[in-house]
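Observations on chain architecture
Given next are the chains, with one letter for each unit.
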Amino acid sequence: MTDDKKQTRTSLSELGEFGLINHITQPFDIKHKSTIKGVGDDAAVLEIKDKNILVTTDLLMEGVHFDLSYMPLKHLGYKAVVVNVSDICAMNGIATQITVSIAVSNRFPLEAIEELYAGIHLACKTYGVDLVGGDTTSSTKGLLISITAIGEAKNEDIVYRNTAKPNDLLVVTGDLGAAYLGLQVLEREKRVFEVNPNSQPDLTNYTYLIQKQLKPEARKDMVALFAALEVKPTAMIDISDGLSSEILHICTQSKVGCNLYEEKIPLDPQVISACEEFDLNSTTIALSGGEEYELLFTISQSDFTKIKGNPHLTVIGHITDESVGVNLVTRAGQQIKLTAQGWNALAKD
């Protein structure tokens, strides 16, 4: 056969990250009864003997996902583990093991790798997971980290993205927007440093924002809280790509609509003040910021009394029929179609 010289080329940025995943995995059929859930959720689900095993993986690349000019290696190691543990939590499971693979260029000495693994070790200790394997290799493009997390959950406890129902309440943990603003502060200080290497940044007013960016935490506590309150979410996802993107994932996969209320979105005071300083709209930042690793979930209205008044949880909307669409209800009562404008790993620079 001869190659077609006129074959078309489709840019990956046209598909986006999730579009590419859907496209390349479509031909693959499930062949084994032990595969309960494959591609398409926060983690795979495998049924082995009397336990369901959760598996998830994430890839972090220097220059795309992190900048070592302001990301300490110890923080990077910690965050790389948290990103994966968060996916296990989003399935209402408990992470038990991780594997870590890295590719490094020759600019990294042993001490730098030790610092990276010190952060990984601290995360393993914090979240009670075992490091059980991995790989190392050389790189010509800087540092690359790939972590796979393995977890477990009872079959009846696992929560998927595609099971939200009309009239369910939409709930979020914590507050939103801080991680993105922390990144903006760090990027600003980087530019100042490049102009004047002798400058000493004063980050006193941004401690919460920077912590949310450099050292986020997975909401493992929520798995225990759900059990204690006897609440099982009807659908759940972690907020890594932005609130709007995650709401659309739940609604698309569950074939439902949603009304999200702008006035209900939880914002920390530092987020509000930083938005004023950077001349940014706080709602836009909360919707599109990403890297929060908070949990977004839906619950039956009958469970509202069980979570009412909990300081960790905020009801921000409700699920509707698919025909209603996915909408942001503004403070003025106007309905605006919600679009995904969060992180897209395959977008063009």
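Our structure is the block above this text.
These lines cover the structure that appears in this document, whether it is placed above or below.

Analysis parameters
- Residues numbered from 1 in each chain as written.
- Predicted model: local features only at pLDDT ≥ 70, side-chain atom pairs only at ≥ 80, totals over all residues.
- Heavy atoms only, no water.
- Helix = DSSP H or I, 4+ residues; strand = E, 2+ residues; numbered from the N terminus.
- Buried < 20%, exposed > 50% of the residue type's maximum accessible area, 1.4 Å probe, protein only.
- Contact = heavy atoms within 4.5 Å.
- Areas by Shrake-Rupley, 256 points an atom, 1.4 Å probe, with all protein chains shown as cover.
- Core = buried A, V, L, I, M, F, W, Y, C linked by side-chain atoms within 4.5 Å.
- Axes fitted to C-alpha atoms, helices over the stretch in contact; angles between N-to-C directions.
- Parallel < 35°, antiparallel > 145°, perpendicular 65-115°, else oblique.
- Left-handed = near helix turned anticlockwise from the far one by under 90°.
- Nonpolar A, V, L, I, M, F, W, Y, C, P; charged D, E, K, R; others polar.
- Phe/Tyr/Trp six-rings, centres within 6.5 Å; stacked < 30°, edge-to-face > 60°.
- Lys NZ or Arg CZ within 6 Å of the ring centre and 35° of its normal.

**A closer look at the overall build of the protein chain**
Helix and strand content of the protein chain: ten helices and 13 strands. Each of the 349 residues in the protein chain was classed as buried or not, and the buried ones make up 46%. The long-range fraction of contacts in the protein chain, counting pairs at least 24 apart against all pairs at least 6 apart in sequence, stands at 84%. Here the protein chain displays about 18400 Å² of accessible surface, and carbon together with sulfur accounts for 52% of that area.

**Describing the nonpolar core**
One finds Leu 54, Leu 76, Ile 98, Leu 143 and Ile 145 to be the most contacted residues of the largest nonpolar core, which totals 52 residues. Broken down by secondary-structure element, the contributors of at least two residues to this core are strand E3 (51–61), helix H2 (73–89), strand E4 (94–104), helix H3 (110–127), strand E6 (144–153), helix H4 (178–195), helix H5 (207–214) and helix H8 (269–278). When sequence neighbours within four positions are dropped, the list of residues in contact with Ile 98 reads Val 81, Ile 120, Cys 124, Val 129, Asp 130, Leu 131, Val 132, Gly 133, Ile 147, Thr 148 and Ala 149. If you look at the next biggest cluster of nonpolar residues, it comprises 24 residues, including Cys 251, Leu 287, Leu 296 and Val 326.

**Examining the packing of H4 against H8**
Close contact between H4 and H8 brings their axes to 10 Å; oriented N to C, the two are set at 45 degrees. Compared by their axis directions, H4 and H8 come out oblique. Two packed elements cross with a definite hand, and for H4 against H8 that hand is left-handed. Between H4 and H8, the residues in contact are Ala 178, Leu 181, Gln 184, Val 185 and Arg 188 and Val 271, Ala 274, Cys 275, Glu 277 and Phe 278, respectively. Among the residues making up the contact of H4 with H8, the classes are represented as seven nonpolar, one polar and two charged.

**Things to note about the packing of aromatic side chains**
All told, the structure shown has two aromatic pairs when counted by the stated rule. Pairing Tyr 78 with Tyr 127 gives two aromatic rings, centres 6.4 Å apart and planes at 50 degrees, and the pair type is tilted. With a gap of 49 residues between them, Tyr 78 in helix H2 and Tyr 127 in helix H3 connect regions that are remote in the sequence. As far as burial versus exposure is concerned, Tyr 78 and Tyr 127 are alike and both buried. On the basis of an interplanar angle of 80 degrees and a centroid distance of 5.0 Å, the ring pair of Phe 226 and Phe 297 is categorised as edge-to-face. With a gap of 71 residues between them, Phe 226 in helix H6 (residues 220–229) and Phe 297 in strand E10 (residues 295–299) connect regions that are remote in the sequence. The class for Phe 226 is buried, based on a relative accessible area of 3%. A cation sits over an aromatic face here: Lys 215 above Tyr 78, 4.3 Å from the ring centre.

Interpretation note: all reported values are geometric properties and have no functional meaning in isolation.
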